[in-house]
Structures are given as C-alpha cells and as structure tokens.
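Observations on chain architecture
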Amino acid sequence: MTPSRDHRPPAVTGQCAEVLELLRSEGSVLSFRLTAELAIPEAAARVYDLRAQGFNVVTTLLPAVEFRGRIRRNVALYSLGVPLWPAPGFQAEGGLE
C-alpha cells in the first residue's frame with residue numbers, strides 16, 4: 001500500500017533517520033549542531049529529503065546565534081510541525097504541491 005492510503009509515514013533510514021530522531025527527541029535543532037557536532041555534513045539536504053517524503057519539518061531562520069563562542073548570522077533552526085506527517089499540502093504520489 002502507498003503511504004497515503006495506510007496513513008503511516010514512510011520508513012526513514014540513514015542520516016535522514018538520525019535527523020528525524022533528533023527533531024523528535026529534542027524538539028528543535030540548529031543547523032550548526034547537525035553539521036559540526038553530529039557529523040551530518042549535508043543537513044539541509046537531509047531536511048529536504050524528509051520533506052520530500054512528506055514530513056512536516058519547519059525551518060526558522062534566526063538572525064544571530066552564539067555557537068562555539070562566536071556569533072553566527074542567519075542560522076537555520078529545524079523543528080517538527082503538526083501534523084508530523086503528512087505535511088500540509090503534501091500528496092504522497094506527487095510530493096509537495
């Protein structure tokens with residue numbers, strides 16, 4: 001059955017699974033944390049992949065964040081929206097509208 005018919009999110013593996021688990025357990029995660037501390041070099045691509053599977057990952061751009069003692073500008077903060085899956089506007093057969 002397709003995910004849209006059985007109303008269950010698709011199976012997620014690899015780095016996408018790591019990112020999804022972090023978002024579930026921590027609520028929100030800075031892009032710098034994913035890349036610098038957790039060795040997920042293409043964090044934005046993994047978020048894109050999760051969205052393409054229908055997960056409701058929300059990106060909030062923060063104007064300034066202190067990370068490792070320095071101020072970083074325009075930092076992405078990722079979190080999960082409600083509902084988690086499917087994201088509003090998502091159709092499993094065609095992706096995001």
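Below: a short report on this structure. Since this is a predicted model, take the numbers as computed values, not measurements.

**Considerations on the pairing of strand E2 (residues 57-67)**
- Taken together, the 10 bridges between E2 and strand E3 (residues 70-80) define a ladder with antiparallel strand orientation. Within E3, the residue paired with Val57 across the bridge is Leu80.
- Connecting E2 to the next strand, E3, in antiparallel fashion are 2 residues, including Arg68 with a positive phi near 55°.

**Examining the sheet that holds strand E1 (residues 28-30)**
- Strand order in the open sheet formed by 3 strands is E1-E3-E2, and the pairing between neighbours is antiparallel. With partners counted over all chains shown, the strands left at the sheet margins are E1 and E2, one partner each. For this sheet the average axis-to-axis angle between neighbouring strands, irrespective of direction, equals 25°.
- Strands in contact with helix H4 (residues 43-52) are E2 and E3; relative to E2, the strand with the most contacts, it is inclined by about 160°.

**Points about the packing of aromatic side chains**
- For the structure on display, the rule yields 1 aromatic pair.
- Against the face of Phe32 rests Arg72, its NZ or CZ located 5.5 Å from the ring centre.

**What about H4?**
- Of the positions making up H4, those classed as buried are Ala43, Arg46, Val47 and Leu50. Looking straight down H4, one finds that the buried residues subtend no more than 100° of arc, so they occupy a single side.
- Looking at the buried residues of H4, the elements they touch are helix H2 (14-26), helix H3 (31-37), E2 and E3.

**Brief notes about the environment of Gly14**
- Secondary-structure assignment places Gly14 in helix H2.
- Its relative accessible area of 49% is what places Gly14 among the partly exposed residues.

**Observations regarding the pattern of salt bridges**
- Enumeration according to the criterion identifies 3 salt bridges in this entry.
- Of the charged contacts in the structure, one is a salt bridge between Glu26 and Arg33, with a shortest N-O distance of 2.7 Å.
- Connected through shared salt-bridge partners, Glu26, Arg33 and Glu37 make up one network.

Cut-off values and rules
- Residues numbered from 1 in each chain as written.
- Predicted model: local features only at pLDDT ≥ 70, side-chain atom pairs only at ≥ 80, totals over all residues.
- Heavy atoms only, no water.
- Pairing = 2+ DSSP bridges.
- Helix = DSSP H or I, 4+ residues; strand = E, 2+ residues; numbered from the N terminus.
- Axes fitted to C-alpha atoms, helices over the stretch in contact; angles between N-to-C directions.
- Contact = heavy atoms within 4.5 Å.
- Phe/Tyr/Trp six-rings, centres within 6.5 Å; stacked < 30°, edge-to-face > 60°.
- Lys NZ or Arg CZ within 6 Å of the ring centre and 35° of its normal.
- Buried < 20%, exposed > 50% of the residue type's maximum accessible area, 1.4 Å probe, protein only.
- Arc of directions from axis to C-beta.
- Salt bridge = Lys/Arg side-chain N within 4 Å of Asp/Glu carboxyl O.

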